[in-house]
Every structure is written in structure tokens, then in C-alpha cells.
Amino acid sequence: MDFIESPIMNCSCKHFISLKFIFFSGAAGHRIEYNLSEEVRQAGYEIEPDELASLARAHDMMGLESNGGAEGLAGKVRVSLDQGVKTSEVHLRQSIYGLNQYVEKPSETFWMFVWEALQDLTLIILMVCAAVSIGVGIATEGWPKGMYDGLGIVLSIFLIVMVTATSDYKQSLQFKDLDKEKKNIIVQVTRDGFRQKVSIYDLVVGDIVHLSIGDQVPADGVFISGQSLSIDESSLSGESEPVKINKQRPFLLSGTKVQDGSGKMLVTSVGMRTEWGRLMVTLSEGGENETPLQVKLNGVATIIGKIGLAFAVMTFLVLMGRFLVQKALNGNITDWSFNDGVTILNYFAIAVTIIVVAVPEGLPLAVTLSLAFAMKKLMNSKALVRHLSACETMGSASCICTDKTGTLTTNHMVVNKIWICEKSTEIKINEGKDVLQSLIPEKVYSILLQSIFQNTGSEVVKGKDGKVSVLGTPTETAILEFGLHLGGESSHYKESEIVKIEPFNSVKKKMSVLVSLPSGGFRAFCKGASEIVLGLCDRFVKANGESVSLSAEQRKSITDVINGFACEALRTLCIAFKDIENISKDDDIPDGNYTLITVIGIKDPVRPGVKDAVRTCLAAGITVRMVTGDNIHTAKAIAKECGILTDDGLAIEGPDFRNKSPQEMQVLIPKLQVMARSLPLDKHTLVSQLRNTFKEVVAVTGDGTNDAPALHEADIGLAMGIAGTEVAKENADVIIMDDNFSTIVNVARWGRSVYINIQKFVQFQLTVNIVALMINFVSACISGSAPLTAVQLLWVNMIMDTLGALALATEAPTDDMMKRPPVGRSANFITRTMWRNIIGQSIYQLAVLLVFTFRGKQLLKLTGSDAAKTLNTFIFNAFVFCQIFNEVNSRDMEKINVFQDMFRNWIFIIIIVSSVTFQAMMVELLCTFAGTVPLSWELWLLSVLIGALSLIISVLLKCIPVEPTKRSAIAKHPDGYVPLPSGPDQA
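This one's a predicted model, so the numbers in the text were calculated from it and none came from an experiment.

Conventions adopted
Residues numbered from 1 in each chain as written. Predicted model: local features only at pLDDT ≥ 70, side-chain atom pairs only at ≥ 80, totals over all residues. Heavy atoms only, no water. Helix = DSSP H or I, 4+ residues; strand = E, 2+ residues; numbered from the N terminus. Buried < 20%, exposed > 50% of the residue type's maximum accessible area, 1.4 Å probe, protein only. Core = buried A, V, L, I, M, F, W, Y, C linked by side-chain atoms within 4.5 Å. Salt bridge = Lys/Arg side-chain N within 4 Å of Asp/Glu carboxyl O. Pairing = 2+ DSSP bridges. Axes fitted to C-alpha atoms, helices over the stretch in contact; angles between N-to-C directions. Parallel < 35°, antiparallel > 145°, perpendicular 65-115°, else oblique. Left-handed = near helix turned anticlockwise from the far one by under 90°. Contact = heavy atoms within 4.5 Å. Nonpolar A, V, L, I, M, F, W, Y, C, P; charged D, E, K, R; others polar. Disulfide = S-S within 2.5 Å. Phe/Tyr/Trp six-rings, centres within 6.5 Å; stacked < 30°, edge-to-face > 60°. Expected span 1.5 Å × (residues − 1).

J.: What is the right way to look at unusual backbone geometry in this model?
T.: Keep in mind that most residues, glycine aside, have a negative phi and that most peptide bonds are trans. One non-glycine residue, Lys-382, lies in positive phi territory at about 70°. Along the chain, Lys-382 turns up in the loop between helix H14 (362-380) and strand E10 (383-385). Its relative accessible area of 45% is what places Lys-382 among the partly exposed residues.

Shown next, in the form of C-alpha cells:
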């Protein structure tokens, strides 16, 4: 069996009861006695893998205590809780305790795809026809001549099946690789005494894992230490209430999520020994559901198939009717021979082949190919598509609600300005600590450093090379780096023991910590959104270092400082403290009467290329709205710099937005461009309104755990790969690996490319369908024979379905795609422009081919016994070249120059060259099987010219104006761009 990549998967409800039984009865029942195996003993470990795994899985407190708690278990698996696992021991641990990978059912082999392709009903009928044809042929014409017709059909079926199976197999391998990539979670561990990041697959028993809000618990383990650690176990137990993890309830299970707080855990079991791994044996990951476009195209395919069936039945009835009338006129209606049977079988084969040609099985294939091609290209461009449908939906996006930090900005933050002791100072990296130290009293300097190093969710670590680095969020990192720049060291503040931590979350917008002072008493530190922390303060530190009451005038003055920083596009934070004489550990950290120490301004520069990306969105009819938790002045400054906030646009704060009535929101939202100080609920409300009231197709970016509802509500959820939590990523459709807004625009560009490529293919395929159906039907009605044989029609089907899909579905996006409106939710897939091109080309091809069908011998001066076969071969050749040139025409439905960038698409060129080569082989070399005869160079040239003439027909058709829809007539763009004639219905 193969190994699957990851622990991310939603568990079905039927497993909840069994798991609860394990939770509550495992520890209560008789404990199994484990004997230490020789292999474990020789490796130097003192506990069996199964015994270790059973502790967390069964929540066995007695077993944990009998093994000495987390410290005792660490000793038995030969690991230090401070130093972590030694890298040199990783392979040994994997051999004894297992890999952190789960068993999955083997993926489908190539021959399984071949078998699936052979299940097609029309192909089965054709195989029966081929078998009967071979049997009757050998009986009437002898060996080997009698088997040629039937063998030709068999070879055609074989070719179609092999091409289809190969294509499907390659796509399955590609999706498997993408699936593995999206499940590869990066985990923070302590190894060799240093904190570092490793892949979830490399995790081993004994690893010390660091957990924070939004993380997924990567393996089963026990709690070592932490603050306010709260775990969501609903994916395993079905219980929605989070579980508080502490020394009294220390067990952590793989696959659960960290809802709040932070902590460290000792890994006790990985992979198949975890409860999640055991469930994975009974569950197999479902494949991708059909995308909306695939569903829509399946409907189109069904309708076309029914039309094809009707034509096939009519063609067969007409051919049979003419055959019976002919026999009656000849007076041998009762005289039947083997040849008559072969003729009727041939008529039936032609009818069945018409169905094969008519049923556009290439439509779903084209969608899959185009999406897979786009997904692969996006993966190379730092966008990981988790759900196929997101790729096509993004092409219809009319609104992007984006975060600011890390998406529009670089997320590389540095402290740029500081207000302290009534003075604002610009911080320069090349200046030492003495500059700031000279400006403020020693007492204030000490409290400032203590507040920085003790009230933090990040950690200062020393790497193997001896360099000091900070692990944590960009904002925390900037503040800690500032503290290090001032000469502070986190080790200096270990004497003040941390009593309680209230981690930062997006609702409170602040973080608080309570520490015990060496001299007695406690001190609370608070930092967070500037106006929120300032609102908690009633005192501030003056220039002389003394703490004084905060008057209304001084409060206004500090607010002006905050707004001044914000207008310079700086992210502002306030830091405050409060001394407390007595407080219980169970009490909450106070929410008032703080003393303000400082206002910090953090610079986060706008990413290069963001302004151009926003301009591209506006030109494409995509509205960009910034939704951020930052100060409104900072948000407005950044939004103006990015080109999001215009003169007539509206910027609003979250509290104001959520207090608006539905009627006020309807007036406000169309003008809304910036929402500052927003809560996750505000983002969710905005997305709901845009989707339900304004019928917009909305894309939303998110990185935090609390963004999950908005990501889920949106048409396309975009999670940040660097800053995003695992919860956000799991609720997203696309993961932006580099957190860059330009990458989001690239996803939209490829989404439009997918939609337009499918339209190109549908235009191409419908033209072939109409011509193939009509020429055989009309010819059968008038002359009693079909110019295109079953083998020839199967070859055309191959060009049209599989090769055509591959050629047109792999066209790269062009810049012009982002200069037109997005496709509406209820837009017609087949536009007026497409119908113009389909009908025009069909009329041309039918006119030319029918003229040659009925007057070809005279026009081409064909004589002799082979005249009829030569004419039919010429018609077949001309028909194929019409399709090959029409494939080139279909590269652009609007522009006259269809050759632009054609030679850059090597897949397209290879398919065109291959089609021409195989056609030459069909006519010149495989005459017996294909029912053809070799053609003279003059007829070859004429065939190519008839096909090439469709290029000129295409130019003439594109000069015919298509009446614009009502919507397109009123749609205008800010850059003066007027939508194409078919309006918003065309991507």
C-alpha cells in the first residue's frame, strides 16, 4: 500500500461514537501489559511504541502518571524537553516508532483507466459491430480481405481508448502530486537545542512541538507547558465545545486544531498509531466533485448527444429505406445474401459512429485538461489550488476583498517611529541603543524592555550558526527586533515569572500578560491596537519618567500622534503596564487603569507590483476592497498608495459598518473601498451582502483562524501560505504561497483563461458536430450512401475530442483577458459571437462538401472504377483539413489575427503537425483500414486550400457585428474600455 501525505481530513459522524467510547472507557478498563521488545531495548528506549501510543489515544492518566508524566516519558524515549530530538536519531526513531504518514488505498493504475474508457456504451456497440463485420467479411470475402473493415474500426477504438486513458492517467498523477503538496504542513519543533521548522512528514516520536492559534496538532502527544491552550476536537469527537489543555488534561490528538492560546507538546505517537491514522484506514479520500462548468457542459453534451441520436436513427432509417426500396424495385426483396447483411451492418456502424461523433465526450475532458494545466502553471506561480472549481470561479470574480498586511504589503515589518516620554523619535537601524537611552529615564527604559520581552507571543532563538533570530508573527518580530536593537535580552527578564497570558486575538485586538515581580506583587502588561489600549489607560509616563494622570487634552494629543503615525502608513501599537498588589491566578488580567508607556509606529512597505496589479483588476472590472484590522488612517494611506482608495470611494471603520441597517448597507457597499478596525464577523457580513444582495462573485483573502467563516462564505477563499493558519488554509479554495496580491490577480487571469479556452473548444467542437451530422444525413437522404465511413468518423472524433481538447485547453492567458468585464453568474456559456462563428463556418463547410458530394466527379473530372472511392477520400481529406484550420481559427473568437503567439504554444503546434501527419498516413498508407485511396498532389493541394479558405471565412465572419446585449450596452469601464459586442456574457 502507498502512504498518504497528511492528516487533514474531515471525519464522518459514524466514527464519533466509537471514538468517544475510546475516550471515556479506555482508561477505565483493564490496562494491557506490554513487554519491552529486544528491538526497542537495543535502540536504547524504555517504552513500547504501542504502549506509548495508547496513552494519548485512550486518555490514560494512570498510565501517564505511572510513567512519570511528560518528563518521565521524555526520559523513556531518550529526549530532553529543553534540547529536543537529536537530528542524528531521526531515522532510528522512525524505524522504531514509525513514520508520520497514513496508509491509503492504492491509486488507480493505467490499465484501470483503460478499462474505464472501454466502458463507453457507444464504443461497446462499435466493438460488437466490428466483431460481426470481421465474421461476416471473412465468410464472404475470405481471409484477410474480409477483416479489413472490422479491423479498421477496432484500431480506431484502440487509439481513442489509449489516448483517453493516457490523458486521464496523467491528470490523476498530477492531482495526486498537488494533493500531497497541499497537505504538507510545516511544524515548529525544538531539535538539537534549537527551534526550527520541519515538514509534518518528518515528525518523530520524542519531538517537542510548539503550538499556537490556528495550528493543527500534527501527531498524538502530551502537554508539556503553555498558556490558555484550547483545542477544537470536533473533527474527532464531534463535540463543538473546545477542550482546555493543561497538566490535569494533558492529552493532544492528531488532526485537532488549536483554537486559542499556545503551548508545547511531546509527540508520543505518529502516523498509523494515532487515532486519526486508525480512522484513515476506514476512510478513503473522495475525488474532486464536478465543477460548475463541468456540470453545465455535461448538460450541453447530453442535449447534443440526443440530437446526434435522433440524426443517427434518421440516417439509419433513410439508408435502410432506400436499400429496401432498391431491392423491391429490383424484384429481389425476398432474396437475401451475406453481402446484404454486411451492407446493413455497415449502415448500422455509420449510425452508431454518428452518435460517437455527436456525443461530445471531449467537453468534460477539455475542462479537466484546462483546469489541470492552469493548476500546474499556478503552482509554479506560487498559487496552490485546493479545489478544481475555484480555478474557473476565479475567472468570474467581480470583487476581491483583501487583507492589507502581508498581501498588499511585504510583511517585513520594522519599528520606524516611537513616541515615548512625550517625544516622537525616528528609529534608524544604524543608530545604537545609546541614542534612545539618552532621551528617556533609566526606569522607563527598563519597563519598556520588560514589556517588549515578556508580553510577546514570539521567541528569540539562537541558530546553529550562533545568529540570533526571532520566530513569530511579523508584528511581534518587529517589536522583539526593536528590543534587541535597544540592547535588551529576553534572558534578563526570566526572574519575573509569567503567571498568566491572554493571547492576542482579532476580536479583543490586544495581548495581555501578568508577571510576578521579584520584589513582590504583580505587573500586568498590555499591547495592541493603539486606540483600544489607549482607551484602557488613565495614566501615562511623562518626560521626567513619572507616571501622571491622563487628561482629556493629553489624550487628544496622543491620539493626534497615533493618527500622525497612521497617516504616514505606519501600523500603530500602544504598550501599557499596571502594577497590582494582589491577584488570584484564576482572575482575569485587568482591563483598565493602565499606564501608557509608548506608541510604536511599524513600517510595512507596499509590495512592488501591487499598484499595477490593482490597476489590472480595475481594468478587468474587478473591484478591490481592503478589509483590515488596522487603524483607519494607516489603512487609507496604504489604500491610496496601492490605488484602491479613489476620491469618490468610501473608507469606514468596522464598528460603524456593523451598526448600519440593511437599507443603509445597500447604499454604502457599492462605494465601500476600505474597511478598517474590522472584526472577522464584519468581513463575513460584507461578503454575504456582496454575494446575496449584489450578486457579486466574491474572492476573499484570509490568514487567521477567525477568517474561516468569511473564507467559507466567499465564492473563492484565498488563504495566505506564509502568514495563514492551518484552519484558514483548510477553509480556503486557493492557497497563495507567497502571500502576494499580484499572485491573486494571476489566479484570476488563469481562471478567465480556463473559461475562454473551454469556449474556444466548444466553438470548435460544435462546428465539427454540425458538419459531420449534416453531411452524412443529407447524403444518406439524397444518394443513399454516407461519404464518411465509420473508421473515418472515428478518426475525426479523435481529432475533435481528445487532441482538440488538448490543443485548445492549454492556451496560456493573454493580457487582453484582463481588459474586459468578468463573466456574470447567469451568463450564457455559448455567446452570440460563438454562434456567429459556428454557424458561419458550418454553412461554408457544408456548402463546399455537399457540392463535391453530388457534383464532385464532374468538377474534379474523376473517371474509372475508383472514381467514387477517390471522391469520398477527397471529401474526407477536405473535411479533416477544414477542422484543422478551424482549430487555428478557434484560438481567438474575436480577433482577426489568430496566429498571435501560436508558435509559443508548442503543444498546439505538435497536435496540428501530428494531425496532419496521421491524416496523410490514413489516406496514403492505411487505405485498406480507412476505406481510402491515395490522392494525387493536385487533390491534396485542393483539400488543403479548401481547409485554408476557412481562415478567410473567419476574417469575414468577425467583421459581422453581433448585436450587443442590453447589459453590455450600459457597461462602461473607468479606463474607457468598451466591452466586446457579446457583452459581459463573454469572458
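J.: I keep staring at the nonpolar core and nothing clicks. Help me out?
T.: Proteins that are soluble and globular tend to have nonpolar side chains buried together. Of all hydrophobic cores here, the largest spans 152 residues; its most connected members are Met-394, Ile-716, Phe-741, Ile-758 and Val-762. If you tally residues by element for this core, the top one is helix H28 (residues 741-783), at 21 residues. Membership of the second largest hydrophobic core comes to 50 residues, among which are Val-187, Val-243, Met-265 and Val-270.

J.: Honestly, the pattern of salt bridges in this entry has me stumped. Any pointers?
T.: Working definition: two side chains of opposite charge can pair if their charged atoms are close together. Summed over all chains, the structure comprises 24 salt bridges. Put simply, Asp-403 and Lys-683 hold a salt bridge, and the shortest N to O gap is 2.9 Å. Residue Asp-403 is located in the loop between strand E11 (399-402) and strand E12 (414-420), and its partner Lys-683 is located in helix H25 (residues 680-692); the two are separated by 280 residues in the primary sequence. For Asp-403, a relative accessible area of 9% corresponds to the buried category. Arg-615 is the salt-bridge partner of Asp-612, the closest N and O atoms lying 2.8 Å from each other. Taken as a pair, Asp-612 and Arg-615 lie in helix H21 (residues 610-619) at a separation of three residues, close to a single helical turn. What makes Asp-612 partly exposed here is its relative accessible area of 46%. Its relative accessible area of 48% is what places Arg-615 among the partly exposed residues. Several salt bridges converge on common partners, so that one network encompasses Arg-78, Glu-89 and Arg-93.

J.: I would appreciate a short explanation of the pairing of strand E25 (residues 672-676) in the present structure.
T.: Regular strands have side chains that alternate between both faces of the sheet. Taken across its five residues, E25 has five buried, putting it largely inside the fold. Summarising the sheet, strand E23 (residues 623-627) and E25 pair through two bridges and their orientation is parallel. The residue bridging Met-626 from the neighbouring strand is Val-674, located in E25.

J.: Looking at this structure, I do not really get the packing of helix H30 (residues 832-860) against helix H34 (residues 937-958). What am I missing?
T.: Between two packed helices, both the angle of their axes relative to each other and the distance between the axes serve to describe the pair. For the pair H30 and H34, interaxial distance at closest approach is 10 Å and the crossing angle is 150°. It follows that H30 is roughly antiparallel to H34 by the angle criterion. In this structure, the crossing between H30 and H34 has a hand that is right-handed. Listed contacts from H34 to Arg-836, Asn-837, Gly-840, Gln-841, Tyr-844, Val-848, Phe-852 and Leu-860 of H30 are Leu-939, Leu-942, Ile-946, Leu-949, Ser-950, Ile-953, Ser-954, Leu-957 and Lys-958. Residue classes in the contact of H30 with H34 are distributed as 10 nonpolar, five polar and two charged.

J.: Please clarify how the sheet that holds E25 should be interpreted in this entry.
T.: What holds strands together in a sheet is hydrogen bonding between their backbones, with the strands either parallel or antiparallel. Ordered by their spatial adjacency, eight strands build an open sheet running E10-E28-E27-E26-E11-E23-E25-E24, and the pairing between neighbours is mixed. The outermost strands of the open sheet, each flanked by one partner alone, are E10 and strand E24 (650-653). The sheet shows a mean angle of 20° between the axes of neighbouring strands, taken without regard to direction. Relative to E23, E11 is paired through four bridges, and the arrangement is parallel. The residue bridging Ile-400 from the neighbouring strand is Val-624, located in E23.

J.: Got a minute to help me understand the state of the cysteines in this structure?
T.: As used here, a disulfide is simply a covalent bond connecting the sulfur atoms of two cysteines. Applying the stated criterion across every chain, the model contains zero disulfides. Left without a disulfide partner, Cys-574 is nearest to the cysteine sulfur of Cys-537, which lies 6.9 Å away.

J.: Just checking my understanding: could you explain the packing of aromatic side chains for this structure?
T.: The geometry of an aromatic ring pair comes down to the distance between the two centres and the angle between the two planes. Within the structure shown, the criterion is met by 11 aromatic pairs. With a centroid separation of 5.8 Å and 75° between ring planes, the pair formed by Phe-110 and Tyr-169 is classed as edge-to-face. With a gap of 59 residues between them, Phe-110 in helix H7 (residues 110-117) and Tyr-169 in helix H9 (residues 148-182) connect regions that are remote in the sequence. Given the relative accessible area of 19%, Phe-110 is considered buried. Three or more aromatic residues link up through ring pairs in this structure, and these residues are Phe-110, Trp-111, Phe-113 and Tyr-169.

J.: So what exactly am I meant to see when it comes to helix H18 (residues 474-485) here?
T.: Within an α-helix, residues lying three or four positions from one another point in the same direction, as the helix has 3.6 residues per turn. With 12 residues, H18 ought to run about 16 Å at 1.5 Å a step, and its terminal C-alpha atoms sit 16 Å apart, in line with that. Phi for Gly-487, located one or two positions after H18, is positive at around 95°.

J.: Whenever I open this one, the packing of H30 against helix H31 (residues 867-889) confuses me. Can you help?
T.: Running from N to C, H30 and H31 cross one another at 160°; their axes reach a closest spacing of 10 Å. Judged on the interaxial angle alone, H31 and H30 are roughly antiparallel. The way H30 lies across H31 gives a crossing that is right-handed. Note on element contacts: H31 touches H30 through Ala-867, Ala-868, Leu-871, Phe-874, Ile-875, Ala-878, Phe-879, Cys-882, Gln-883, Asn-886 and Asn-889, opposite Gln-841, Tyr-844, Gln-845, Leu-849, Phe-852, Thr-853, Gly-856, Lys-857 and Leu-860. Among the residues making up the contact of H30 with H31, the classes are represented as 12 nonpolar, seven polar and one charged.

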